[in-house]
Amino acid sequence: MSDEQKVAIVTGAVRGIGRAVSLKLGQEGYSVVVNYRGDEAEAETLCDEIKAAGGDALAVKADVTDADDVAALVETTMNHYGRVDALVNNAGITRDTLMLRMKEEDWDAVLTTNLKGAFLCSKAVLRPMMRQRSGAIVNLTSVVGLVGNVGQANYAAAKAGLIGLTKSMAKEAGARNIRVNAVAPGFINTRLTDVLSDDVREWAMGIIPLDRFGEPDDIAGAVAFLLSADAGYITGNVLSVDGGMFMAT
Ligand code: NDP
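What you see is a predicted model, and the numbers here were worked out from it, not measured in a lab. Within each chain, residue numbers correspond to sequence positions counted from 1 in written order. Two thresholds apply to this predicted model, a pLDDT of at least 70 for residue-level local features and 80 or more for giving and counting side-chain atom pairs, whereas whole-chain, interface and lining totals are computed over all residues. The basis for every side-chain value is the complete set of non-hydrogen atoms in the structure, without hydrogens or water.

### What about empty space enclosed by the protein?
Cavity and pocket criteria rest on a 1 Å grid covering protein atoms alone: a 1.4 Å probe that fits but cannot get out defines a cavity, protein on both sides within 12 Å along at least 5 of 7 lines defines an open pocket, and an atom within 4 Å of a point defines a lining residue. Grid points are joined across faces, edges and corners, and a volume is the space filled by probe spheres set on the points. Inspection of the entire model under this criterion finds 1 cavity of 30 Å³ or more. In terms of lining residues, the largest cavity is bounded by Thr11, Val64, Asn89, Asn90, Ala91, Thr113, Asn114, Gly117 and Ala118. Sort the elements by how many residues they give to the lining of the largest cavity and helix H4 (residues 104–132) lands first, with 4 residues. Here the lining of the largest cavity is built from residues that sort into 3 nonpolar, 6 polar and no charged. Strands are runs of DSSP state E lasting at least two residues, helices are runs of H or I lasting at least four, and both sets are numbered from the N terminus onward. In this classification, the charged set is Asp, Glu, Lys and Arg, the nonpolar set is Ala, Val, Leu, Ile, Met, Phe, Trp, Tyr, Cys and Pro, and all remaining amino acids, among them Gly, are polar.

### What about the state of the cysteines?
Our working definition of a disulfide is a cysteine sulfur pair at a distance within 2.5 Å. Applying the stated criterion to the full structure yields 0 disulfides. Cysteine 121 provides the cysteine sulfur closest to cysteine 47, a residue in no disulfide bond, and the two sulfurs are 17 Å apart. Judged by relative accessible area, cysteine 121 falls into the buried class, the value being 1%. When a residue's accessible area, from a 1.4 Å probe over protein chains only, is under 20% of the maximum for its type it is buried; when over 50% it is exposed; and in between it is partly exposed.

### Examining the site of the ligand
We call a residue near a molecule or strand as soon as one heavy atom of that residue lies within 4 Å of the molecule or strand. Around the ligand sit 29 residues, and of these Arg15, Asn90, Tyr155, Ile188 and Thr190 come closest. What qualifies as a polar contact is a pair of N or O atoms within 3.5 Å, subject to a donor-acceptor requirement within protein and to the restriction that residues adjacent in sequence count only when both atoms come from side chains. Isoleucine 17 places a main-chain nitrogen or oxygen 2.8 Å from an oxygen atom of the ligand. In this structure, valine 64 approaches the ligand through a main-chain N or O atom, which is 3.0 Å from a nitrogen atom. Here the ligand, which alone exposes 900 Å², has 95% of that area covered by the protein. Among the detected pockets, the ligand sits in the largest pocket. For the shell around the ligand, the secondary structure elements donating two or more residues are helix H1 (16–27), helix H6 (153–173) and helix H7 (191–194). A per-element tally of the shell around the ligand places H7 first, with 3 residues. The protein chains shown are the only cover counted for residues, whose accessible areas, like all others here, come from Shrake-Rupley with a 1.4 Å probe. Whether a molecule lies in a cavity or pocket depends on its atoms, and more than half of them have to be within 2 Å of the grid points.

Structure (structure tokens):
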């Protein structure tokens, strides 16, 4: 397999940021493993689009919170492509409510998907990446993981935890030429932000210097850069892609 035919696993790939990242990597010639947990038809459509854009793609169903599913996801990738060069831990959920009203299951669901899911997927790719002596992982954290947010204690804790995971893995795996970075989006137009109230939108717009919500493609470019050889000396970093929001808070 030539250097150009790199293999990337993108979790939660069928919509929003994951979809944009998958298409971008496809355009760059990657073979993309499109992970989904339910929507097979959407996953297959995305694979067709990636192939039309010049990449290759394989849809693999897996719930990132399930260790057996995750092991099967990486095994299927290895059986099909024989290598894994990149992992994008993108799958994520929110269950927003104020701390006093937050149920234990809201806490567990958000921590398990956003943080444990990334741990399980990263652990599963580490062995093949170590054998290859190369690899790159990008974790989708959030501006909320950096500054906290009212009504998002579970999500902020998970996203802050991802930053600790990113830096620890970067230290553990660096000697094997495996880089681990995080991208911290601000407010991006996806299903996750569709549910925001007008009040929250107005507040956010008031503190975003670039004066707009981001688009999934804004994030895809940053993820592709961090996975690329151009970022070959960058590890353990958190790249804010937020229209200046973190700086302004
Ligand atoms: P979306 O809700 O549009 O997409 C999330 C994706 O994750 C969906 O495809 C979803 O699948 C998948 N997913 C959720 N749980 C699991 C699971 N257990 N196993 C496999 N896949 C799963 O969200 P975004 O595109 O907006 O978010 C992508 C990432 O970016 C998330 O980690 C999010 O926290 C982060 N982010 C987003 C921001 C934003 O403003 N949009 C800001 C900062 C960070 P399904 O369709 O089946 O539910």
